[in-house]
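Given next are the chains, with one letter for each unit.
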Amino acid sequence: RAKSQGGQRYLFYADELSGRASRRYMLELGLRHAISRGQIYLEFQPVFDLASEKLIGTEALVRWRNPEFGLIRPDEFIPLADETGMIIPLGEWVLREACLQTQRWHAAGYSHLNIAINFSAIQFRQEKLAEKVLPIILETGIAPDRIEVEITETVAMQDAESAIQTLKSLKNSGVRVAIDDFGTGYSSLSYLRKFPIDILKIDKSFVRDIETDPDDASIVRVINALGHALRLEMQAEGVENLEQLKFLQNEGCQRAQGYLFSMPRSAEAMTEMLAQYPSQFGFRQFGTT
Ligand code: C2E
Ligand code: MG
Ligand code: MG
Ligand code: MG
């Protein structure tokens, strides 16, 4: 009896494994045609300045809607795109589309808006990255200093010396640079000082329990103080409630994004938010009074 149960469990497991393998394989095949079939699109999440309470920009977040698999999260398909090389055309598409949309917002009168664009590990490691990125930016007509290129702390530290060179050449093109998910990787502080970066984004895992976990609160305080000491602009991600917002404002963190303000939204929904926002009073609309 035990044996037959074991056998069943084994079968079940094998089935799961092949299910997982075939999902991966199907996604890999699907990803090759995802752009040309119009399945890739962007959402935008607003970023706020915590002192002025103004909407200062958005982060572009890529989405893939596949007829067979539904909506696939970037956490699943970006690693796949990195492994298969599809990230190169995908990353170019994201960059162009994010710049074009932001250029439209600029033309509509929101000329102050920044656009943050995530670069994956493989994308960032491309030979002569700046020479590939700059023509796309120029083609879209957007001012390069409105663009914030985001790489994660892990990607930055993988080969820190070459990352410094790449970041320098990107900055020579006029774009600004942010380190994403800060606190989740292993940063050497001496490298952090050498990186020509502008913005440090505190990972949302530290922000989540800021009010209940004294250790997380301390970590956020220390990261924030470190960033200030290095004259970086500090940005918190994953701000979901008012307590977290107040904590960050008290610490002098300059910027924030999160579900408290808005989930990532379509370009159309973002345009609506832009139209509403200046007529409203600061964060009061989110319940802060
Ligand atoms: P990220 O760049 O750190 O983006 C932040 C993630 O947190 C996004 O997930 C966003 O939807 C989510 N988020 C925003 N506010 C909150 C909040 O208040 N609470 C919580 N729990 N989550 C929040 P998303 O869109 O699923 O993206 C996941 C990751 O995929 C991104 O992390 C980024 O590393 C990557 N990614 C997304 N778009 C792109 C892209 O165009 N290119 C590349 N290379 N990577 C991308
Ligand atoms: Mg990001
Ligand atoms: Mg992040
Ligand atoms: Mg992330």
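First things first, this report covers the structure right here in the doc. Remember, it's a predicted structure, so these values are computed and weren't measured experimentally.

It is worth spelling out the site of ligand 1 at this point. What surrounds ligand 1 is a group of 25 residues, the closest being Arg63, Arg73, Asp180, Glu240 and Tyr259. One of the side-chain nitrogen or oxygen atoms of Glu237 is found 3.4 Å away from an oxygen atom of ligand 1. Within the side chain of Glu240, an N or O atom sits 2.5 Å from a nitrogen atom of ligand 1. Expressed as a share of its isolated accessible area of 800 Å², the protein-covered part of ligand 1 is 88%. Broken down by element, the shell around ligand 1 gets its largest block of residues, 4 residues, from strand S2 (residues 55-66). Its residues assigned to classes, the shell around ligand 1 comprises 9 nonpolar, 6 polar and 10 charged.

The next subject is the coordination of the magnesium ion (ligand 2). The coordination sphere of the magnesium ion (ligand 2) contains the protein donors Glu59 (OE), Asn118 (OD1), Glu150 (OE) and Asp180 (OD), at a distance range of 2.0 to 2.2 Å. If you list the donors of the magnesium ion (ligand 2) from N- to C-terminus, the spacing comes out as E-x58-N-x31-E-x29-D. Between the magnesium ion (ligand 2) and the magnesium ion (ligand 3) the interatomic distance comes to 4.3 Å, and Asp180 is a ligand of both metals. Remark: Asp180 occurs in strand S6 (residues 176-182) and Glu59 occurs in strand S2; sequence separation between them is 121 residues. Classification of Asp180 as buried rests on a relative accessible area of 6%.

Turning to the pattern of salt bridges, a few remarks are in order. Within this structure, the stated rule accounts for 15 salt bridges. For Glu83, the salt bridge goes to Arg24, with nearest N and O atoms at 2.6 Å. Here Glu83 is found in helix H2 (residues 74-84), whereas its partner Arg24 is found in helix H1 (residues 2-34), with 59 residues between them in sequence. Overall, the relative accessible area of 35% leaves Arg24 in the partly exposed class. With its nearest N and O atoms 3.8 Å apart, the salt bridge here joins Lys194 to Glu161. Placement of Lys194 in helix H8 (residues 189-194) and of Glu161 in helix H7 (residues 160-172) is noted, with a sequence separation of 33 residues between them. Lys194 gets classed as partly exposed once you look at its relative accessible area, which sits at 43%. Accessibility expressed as a relative area gives 40% for Glu161, which makes it partly exposed. Here the salt bridges share partners, and the residues they tie into one network are Glu148, Arg176, Glu233 and Arg255.

Here helix H10 (residues 214-229) contains 16 residues, and its C-alpha end-to-end distance of 22 Å stays within 8% of the 22 Å for a straight helix at 1.5 Å per residue. Along H10, the positions that sit buried rather than exposed are Asp216, Ala217, Val220, Ile223, Asn224 and Gly227. For H10, the buried positions fall inside an angular range of 130 degrees around the axis, keeping them on one side. Across from the buried face of H10, at angles greater than 90 degrees, the exposed residues are Pro214, Asp215, Val222 and Ala229. Close packing links the buried residues of H10 with S6, strand S7 (199-202), helix H9 (204-208), strand S8 (233-236) and helix H11 (242-250). By the N-cap criterion, in which a side-chain oxygen at the helix start approaches the backbone nitrogen of a residue two or three places on, H10 is capped by Asp213, the distance to Asp215 being 2.8 Å. Once H10 finishes, Arg231 follows within two positions and takes phi at roughly 60 degrees, a positive value.

About the criteria used
- Residues numbered from 1 in each chain as written.
- Chains lettered and ligands numbered in written order.
- Predicted model: local features only at pLDDT ≥ 70, side-chain atom pairs only at ≥ 80, totals over all residues.
- Heavy atoms only, no water.
- Near = heavy atom within 4 Å.
- Polar contact = N/O pair within 3.5 Å; in protein donor to acceptor, adjacent residues only side chain to side chain.
- Areas by Shrake-Rupley, 256 points an atom, 1.4 Å probe, with all protein chains shown as cover.
- Helix = DSSP H or I, 4+ residues; strand = E, 2+ residues; numbered from the N terminus.
- Nonpolar A, V, L, I, M, F, W, Y, C, P; charged D, E, K, R; others polar.
- Donors = N, O, S within 2.8 Å, 3.2 Å for Na, K, Ca; no water.
- Buried < 20%, exposed > 50% of the residue type's maximum accessible area, 1.4 Å probe, protein only.
- Salt bridge = Lys/Arg side-chain N within 4 Å of Asp/Glu carboxyl O.
- Expected span 1.5 Å × (residues − 1).
- Arc of directions from axis to C-beta.
- Contact = heavy atoms within 4.5 Å.

This is a description of form; function is not addressed.
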